[in-house]
Amino acid sequence: MNRFKISKFKNTTPKIAKKDEWINNVRAGSFAGQGNHIKASSKLVAFNTEQAGGSILGLSSVKPAADGQWTVTNIPCHSDLVTDLDFSPFDECLLATCSADKTVKLWRLCNPDLDQPTDPELILHPGQGRLELVLFHPTSSGLLAVGSSKGVLIWDTNRQEAPLAVLEEHADQLQSLSWKQDGSLLASTCKDKMLRVFDPRAQLKPVQSATCLQNNKDSRTLWAKDDLLFTTGFDRMRSGEVKLWDSRKLSSSLSSVTIGTTSGTLIPLFDGDTGLLVLAAMGYTATDCFEVSTSEPFLTQVSHCLTDSSTRGVATVPKLALDLLSCEVMRVLQLTDNCIIPISYQVPRKSSAHDFHADLYPDTAGVTPAMTAEEWWAGGNKQVQRVSLHPDKQLKAKATAANQKPAKKDLISGDTKEGTRGCSTSSSPLSSPSTSAAASCSPSSTSGLSSGFLPSPSPSQGAKAIQNFLGPSSKFRHIQGAVAHRDMHITNIRDLNLTTPGECDGFCVNRQRAAVPLGISGGQVAIFERDQPGRLPDSSLPTVQNSVNVVDLCWDPFDVDRLAVAGDDAKIRVWKIPTGGLKETLTEPELILQGHTEKIYSIKFHPLASGLLVSSSYDLTLRLWNMEDGEQVKLLTGHQDQVFCMAWSLDGKLLATVCKDGKIRIYDPRKSTAPVQEAPGPEGHRGARVVWVCQGKYLLVSGFNSCSERVLYLYSAVSLSSGVVASVSLDVSPSTLIPFYDPDTSVVLLTGKGDTRVVIYEVLPEEPYFLECCSFNSPGPHKGLAFLQKSECNVREVEIAAALMLTKTSLEPVVFKVPRVKKEFFQDDVYPDTSVCWEPALTASAWLGNIDAKHRKISLRPADMAPVSEAPKEAPVRKYMPSSFYLEEKTDEQKKEELLVAMVAKLGNMDDPLPQESFEGVDEDEWDD
């Protein structure tokens, strides 16, 4: 009888070391490079640090000292950012580094508690500009693959004058390199979305190539078993993606797994002995483990692990350093901002402390090179001799090596020179076996691990575990945007003004009306009633005659009839729209505010106090206006250039600005005319927006970096000078992202004028700070998106945001919904009590008199809806029979009986009356005999 094949690694369990066993005194950060930023040998761990621009490496040992303490030391190694590093597979103390300073250096390292070398053993100058990647050959000594921005060089370190080969240049930024395990082929991924496979000894061009990615964001490749290799990257929807390929035929992938929406590079780590693949995402807290097979299913989820800190880099520890007697099959080192966290993957077995499970530990590659670089280049295909991990055999190997006089070999040969400071002088590839004492202080020991991990998912939980791969996920991650039916559109808008300044949102709305600037002389503004959708007449409409070009406009949040319009004549005109809408053109404003000496940038109403307005101008001042008497009440100074944006804090006490002079400022207008805080802002000078988030604890700034990428920056509102708390890069586009923030859900929606996409994030006050949600794509480019107050959302449809989208000829309602099953209940976890932001909390004069207040709050729950938190709990329904049902052996008689019962059930009972017998018709006695 056939039975299901069950993997011995099915229950592999990730265990996170206790905090006192983490490697502390680490200062990592976000590094601009293609490498993993951390590598480990069986003895040492090297990693990037943020000191001196990243030109310093941190160094620690794989195991703590006898007292359980870790020693971390720093090594100044390059004059610019260290972009990648790699330990030799044949020498636990030999490290190669490459850098943006255009050099490759080889270092002979010592124990971390000893003085490290100040000079490298070898320096290579490839002459290819900034170097991105460095990788030792898996079978040959002294052989390196070095990646520059677009090219790959194969280098024999014993021939320093020139490389052995310079492979064909890539079309774009090189992103990863990986040697096949037998050392015959080299794979690469590139920003041009291509996967290439090279045979450097046969030709300089790739022997196989194919488009493997749908997104040119960071990708990685890694060889698996035999001719199989992985790629990790992103699809068109920015979801993480893992693919398995046959290197002999790259026309299509063998298997593909979608991980989830993420902005972090997916780093693959593979163990060829066990076939376990670990994936970690830069900037996230999760690692996932899969088992790889050469037949379907190619990838099977094994475990899911969450830590407390986001990943800056990951590395695996060589097999020779594992705790074999604890059934540890893999150990991952997670580099975070301030520590290195060991994560041990163990297979639970019932055994004594001295049992060695040979089925978990096949012979592994030793640390003696199979050949020299010259032999490999000449066509040699020798493989590294495999060695047993059995403790008894390791003892014998060590004793044999100790009786032999170590030979003084070449630096790069893989054998350590005799007398090297602090480094192993043994030519044996094996380390001493684990003992009970060693295990007790090893981070991989059973006693030294906490239970802070997730259990292995059951088959029915596999899909969910994959989707939760990136750790914390937002309850709004599946948010759906939808454009309302055409019957709700206002169409046939003509003469739209397409040249409003970048500081203007383009148009503005309130719960009753929309105000849209027109490109007609005289600075005309069209007013549309939201409750009167349909096609506008071809004839001219009554408008607001502003008399000069409109630079910004906004509705009074507490008066649906009051509209403030700033013109390029340095005046602000306040208009009163008659009840029912415009019936005739308005030419006389209700109020004119003047005092600025130059053209105005933008205007903003106070969120709490009625009749209070702030404006910014080319005269580099901010002016606060009391509309009760039409007078200027405050003049704020301190800007050195154009003010991109202003934003009131949620409590109405502070005012934040972001400026073209590269500074972010916070004002307390009632206490000082100068900023109370000031700090550097986004690098780019093309435009920026700012909004207060997380109950006013942080400032979210959307701007540009030096590479013209649109970036979201998060700053602490309490301490601007501490710099950027977190950031996320989005894309390259000329338009500034305009944010809308919902304080009830902490969801921010961002889009730019002329975009087709609305990007959505949930913003958190702690790591990972940004949780990406599904984005919304409009049918075509829009000219702006203006959001309505929360009371305009239909809670019965679980809408969390409602907006109007302005296109070239129409105004279209757009809603953003959270998909929920029990929509008959009020989703009280999505709708906390909301502020009544359409009513003032105090007057302008009261606020100016240093009186503070808050909006009252109300519940959005309709009277006829019960909260979902009080919904009756439904008993879970088992969708699948237990595995014992399928694995239970049945006799032939039982199988026949089951088959017969199933056939009868399908055909029905012959004794039952036929359906047609119940039909009315002719009586029996009326038939002719």
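Residues numbered from 1 in each chain as written. Predicted model: local features only at pLDDT ≥ 70, side-chain atom pairs only at ≥ 80, totals over all residues. Heavy atoms only, no water.

Draft legend 1. Broad picture of the overall build of the protein chain. Assigned secondary structure in the protein chain consists of seven helices and 67 strands. Sorting the 929 residues of the protein chain into buried and exposed places 53% on the buried side. A separation threshold of at least 6 residues defines the contact pool for the protein chain, and within that pool the share at least 24 residues apart is 55%. (Helix = DSSP H or I, 4+ residues; strand = E, 2+ residues; numbered from the N terminus. Buried < 20%, exposed > 50% of the residue type's maximum accessible area, 1.4 Å probe, protein only. Contact = heavy atoms within 4.5 Å.)

Draft legend 2. Highlighting unusual backbone geometry. Residues Glu-767 and Pro-768 are joined by a peptide bond in cis, for which omega reads 5 degrees. Tracing the sequence through the fold places Pro-768 in the loop between strand 59 (757-763) and strand 60 (770-772). Phi is positive for Cys-694, close to 55 degrees, though the residue is something other than glycine. With respect to the helices and strands, Cys-694 occurs in the loop between strand 53 (689-693) and strand 54 (698-704). A positive phi angle, near 55 degrees, is found at Gln-695, a position not held by glycine. The topology assignment puts Gln-695 in the loop between strand 53 and strand 54. Residue classification places Gln-695 among the exposed residues on the basis of a relative accessible area of 60%.

Draft legend 3. How the structure looks around the pattern of salt bridges. Applying the stated rule across the entire model yields 38 salt bridges. Close ionic contact of Asp-755 with Arg-710 constitutes a salt bridge, the shortest N to O distance being 2.9 Å. Of this pair, Asp-755 sits in the loop between strand 58 (747-751) and strand 59 while Arg-710 is found in strand 55 (residues 709-716), placing the two residues 45 residues apart along the sequence. For the residue pair Asp-755 and Arg-710, the accessibility class agrees, reading buried in each case. Here the salt bridges share partners, and the residues they tie into one network are Lys-180, Asp-182, Asp-227, Asp-246 and Arg-248. (Salt bridge = Lys/Arg side-chain N within 4 Å of Asp/Glu carboxyl O.)

Draft legend 4. Focus on the packing of aromatic side chains. Throughout the structure, instances matching the rule amount to 12 aromatic pairs. Here Trp-179 and Trp-376 contribute two aromatic rings whose centre-to-centre distance is 5.9 Å and whose plane-to-plane angle is 90 degrees, an arrangement assigned as edge-to-face. Here Trp-179, found in strand 15 (residues 174-179), pairs with Trp-376, found in helix 1 (residues 373-377); they are 197 residues apart in sequence, far enough to count as distant. Note on Phe-740 and Phe-787: the rings are 4.2 Å apart at their centroids and 5 degrees apart in plane angle, and the pair reads as stacked. Here Phe-740, found in strand 57 (residues 738-742), pairs with Phe-787, found in strand 62 (residues 784-787); they are 47 residues apart in sequence, far enough to count as distant. Residue classification places Phe-740 among the partly exposed residues on the basis of a relative accessible area of 22%. (Phe/Tyr/Trp six-rings, centres within 6.5 Å; stacked < 30°, edge-to-face > 60°.)

Draft legend 5. Layout of the environment of Ser-256. With respect to the secondary-structure elements, Ser-256 resides in strand 22 (residues 255-261). Along the primary structure Ser-256 and Val-242 are separated by 14 residues, whereas in three dimensions their C-alpha atoms are 5.6 Å apart. Those residues in contact with Ser-256 that lie beyond four places of it in its chain are Glu-241, Val-242 and Lys-243.

Draft legend 6. Here's a closer look at the pairing of strand 47 (residues 622-626). In terms of burial, strand 47 is largely enclosed, as five of its five residues are buried. On strand 47, burial covers both faces: Leu-622, Leu-624 and Asn-626 on one face and Arg-623 and Trp-625 on the other are all buried. Pairing analysis gives five bridges linking strand 46 (residues 612-617) to strand 47, with the strands arranged antiparallel. Of the residues in strand 47, the one forming a bridge with Val-614 is Leu-624. Between strand 46 and strand 47, which pair antiparallel and follow one another directly, the connecting turn spans four residues, one of which, Leu-620, has a positive phi of 65 degrees. In the sheet, strand 47 pairs with strand 48 (residues 631-636) via five bridges, with the strands oriented antiparallel. (Pairing = 2+ DSSP bridges.)

Draft legend 7. Region of interest: the confidence of the model for the protein chain. Here the protein chain shows a mean pLDDT of 82. Residues at 70 or above account for 83%. The model gives residues 1-5 a pLDDT under 50, and that stretch makes six contacts with residues more than four places away or in other chains. Here residues 405-470 scores under 50 on pLDDT; set against residues more than four positions off or in separate chains, the count is 160 contacts. (pLDDT = per-residue confidence, 0-100.)

Draft legend 8. Here's a closer look at the environment of Cys-93. The residue Cys-93 is located in strand 7 (residues 91-99) in this model. Sequence spacing of Cys-93 and Lys-43 is 50 residues, and the spatial spacing of their C-alpha atoms is 7.6 Å.

Draft legend 9. Highlighting the sheet that holds strand 15. Taken in spatial order, the four strands of this open sheet run 15-16-17-18, and their pairing is antiparallel. Lying at the two open borders of the sheet, with one neighbouring strand each, are strand 15 and strand 18 (208-211). Put simply, the sheet's adjacent strands are angled 15 degrees from each other on average, direction ignored. By the bridge criterion, four bridges tie strand 17 (residues 194-198) to strand 18 in an arrangement that is antiparallel. Bridge pairing links Arg-196 to Ser-209 in strand 18. (Axes fitted to C-alpha atoms, helices over the stretch in contact; angles between N-to-C directions.)

Draft legend 10. Structural view of the pairing of strand 29 (residues 340-346). Taking burial as the measure, the seven residues of strand 29 include seven buried ones, the bulk of the element. Of the two faces of strand 29, the one lined by Ile-340, Pro-342, Ser-344 and Gln-346 and the one lined by Ile-341, Ile-343 and Tyr-345 are each fully buried. Pairing of strand 1 (residues 13-16) with strand 29 involves four bridges; the strand directions are antiparallel. Note that in strand 29 the partner of Thr-13 across the bridge is Gln-346. With seven bridges connecting them, strand 28 (residues 328-335) and strand 29 associate as antiparallel partners. In the sheet register, Glu-328 faces strand 29, and the bridge partner there is Gln-346. Between strand 28 and the antiparallel strand that follows it, strand 29, lie four residues.

Draft legend 11. Here's a closer look at the nonpolar core. Ranked by size, the top nonpolar core spans 30 residues in total, and within it Val-278, Val-329, Val-332, Ile-343, Tyr-345, Leu-360 and Tyr-361 carry the most contacts. Mapped by element, the contributors of at least two residues to this core are strand 23 (266-271), strand 24 (276-281), strand 26 (299-306), strand 28 and strand 29. Among residues more than four places away in sequence, those in contact with Leu-360 are Lys-8, Phe-9, Thr-274, Cys-327, Val-329, Val-347 and Arg-349. With 24 residues, the next largest nonpolar core counts Cys-773, Phe-776, Leu-785 and Tyr-831 among its residues. (Core = buried A, V, L, I, M, F, W, Y, C linked by side-chain atoms within 4.5 Å.)

Draft legend 12. Representation of the sheet that holds strand 25 (residues 286-292). One open sheet accounts for four strands, arranged 23-24-25-26; its pairing is antiparallel. Whereas interior strands pair on both sides, the edge strands pair on one side only; in this sheet they are strand 23 and strand 26. Strand after strand, the sheet turns through a mean of 20 degrees between neighbouring axes, direction not considered.

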